[in-house]
Amino acid sequence: MAKRNNDNQPIQDILKEFVSSNNLQSGLDKVNVREAWLNLMGNGVNNYTTAIELKRETLYVQLSSSVLREELSYGSEKIVSMLNEALGKDLIKKLVLR
């Protein structure tokens, strides 16, 4: 059974320690990127988004509309900067639209 520390600590510090000790940050980053994409791009783009996947520093987004994929490719640098700003850190370096 795990040793319990009865000192009063903020829950935020306890959660950060838990995430770092169990190497969960990469999984949380993947979830946060998905949420940021859905919030920033809106319903118009989200209706055509079929898959979102973060591998290393590259975000892969699968779209069901080739026209939308072409339109978004023109602003991919701006999309990357907006997503990184929403995440609060430079997590994404490249956006690949499929």
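Please read these numbers as outputs of a predicted model, since none were measured by experiment.

> How should I be thinking about the overall build of the protein chain in this particular structure?
Helices and strands together make up the secondary structure of the protein chain, namely four helices and three strands. N-terminal to C-terminal, the α/β element order of the protein chain is α-α-β-β-α-α-β. Taken over C-alpha atoms, the radius of gyration comes to 17 Å for the protein chain, far larger than the 13 Å a tight globule of 98 residues would show. Expressed along its principal axes, the backbone C-alpha trace of the protein chain runs to roughly 60 × 25 × 25 Å. Burial statistics for the protein chain: of 98 residues in total, 27% are counted as buried. Put simply, of all contacts in the protein chain between residues at least 6 apart along the chain, 54% involve residues at least 24 apart.

> Would you take a moment to explain the nonpolar core for this structure?
One recurring pattern in soluble globular proteins is that nonpolar side chains are buried together. Grouped together as the largest cluster of nonpolar side chains are 19 residues, with contacts concentrated most on W37, L59, L72, I92 and L95. At the level of elements, α2 (25-46), β1 (49-55), β2 (58-63), α3 (66-74), α4 (76-87) and β3 (94-97) are the ones that each hand at least two residues to this core. In this structure I92 touches V33, L54, E57, L59, V80, L83, N84 and L87, once residues within four positions along its chain are discounted.

> How should the environment of V19 be read in this particular structure?
Relative to the helices and strands, V19 resides in helix α1 (residues 11-21). A relative accessible area of 15% means that V19 is categorised as buried. In contact with V19, not counting residues within four places along its chain, are L24, Q25 and L28.

> Just to check I follow, could you spell out the confidence of the model for the protein chain for this structure?
Averaged over all residues, the pLDDT of the protein chain is 88; the fraction at 70 or higher stands at 93%. Per-residue pLDDT, averaged within each element of the protein chain, yields its smallest value for α1 (78) and its largest for β2 (96).

> Would you take a moment to explain the pattern of salt bridges for this structure?
Proximity of charged atoms lets side chains of opposite charge pair with each other. One pass over the full model with this rule turns up two salt bridges. One salt bridge in this structure joins K55 and E53, with 3.7 Å as the shortest N-O distance. With a relative accessible area of 43%, K55 lands in the partly exposed category. Relative accessible area serves as the criterion here: at 37%, E53 is assigned to the partly exposed category.

> Any chance you could explain the environment of G27 here in plain terms?
With respect to the secondary-structure elements, G27 resides in helix α2. Separated by 27 residues in the primary sequence, G27 and L54 place their C-alpha atoms 9.5 Å from one another.

> Help me understand the pairing of β1, please; the structure alone is not making it clear to me.
For a regular strand, the rule is simple: side chains alternate between the two faces of the sheet. Bridging between β1 and β2 involves six bridges; their strand directions are antiparallel. Residue pairing in the sheet places K55 in a bridge with T58 of β2.

Rules behind the numbers
- Residues numbered from 1 in each chain as written.
- Predicted model: local features only at pLDDT ≥ 70, side-chain atom pairs only at ≥ 80, totals over all residues.
- Heavy atoms only, no water.
- Helix = DSSP H or I, 4+ residues; strand = E, 2+ residues; numbered from the N terminus.
- Rg over C-alpha atoms; globule rule 2.2 N^0.38 Å.
- Buried < 20%, exposed > 50% of the residue type's maximum accessible area, 1.4 Å probe, protein only.
- Contact = heavy atoms within 4.5 Å.
- Core = buried A, V, L, I, M, F, W, Y, C linked by side-chain atoms within 4.5 Å.
- pLDDT = per-residue confidence, 0-100.
- Salt bridge = Lys/Arg side-chain N within 4 Å of Asp/Glu carboxyl O.
- Pairing = 2+ DSSP bridges.

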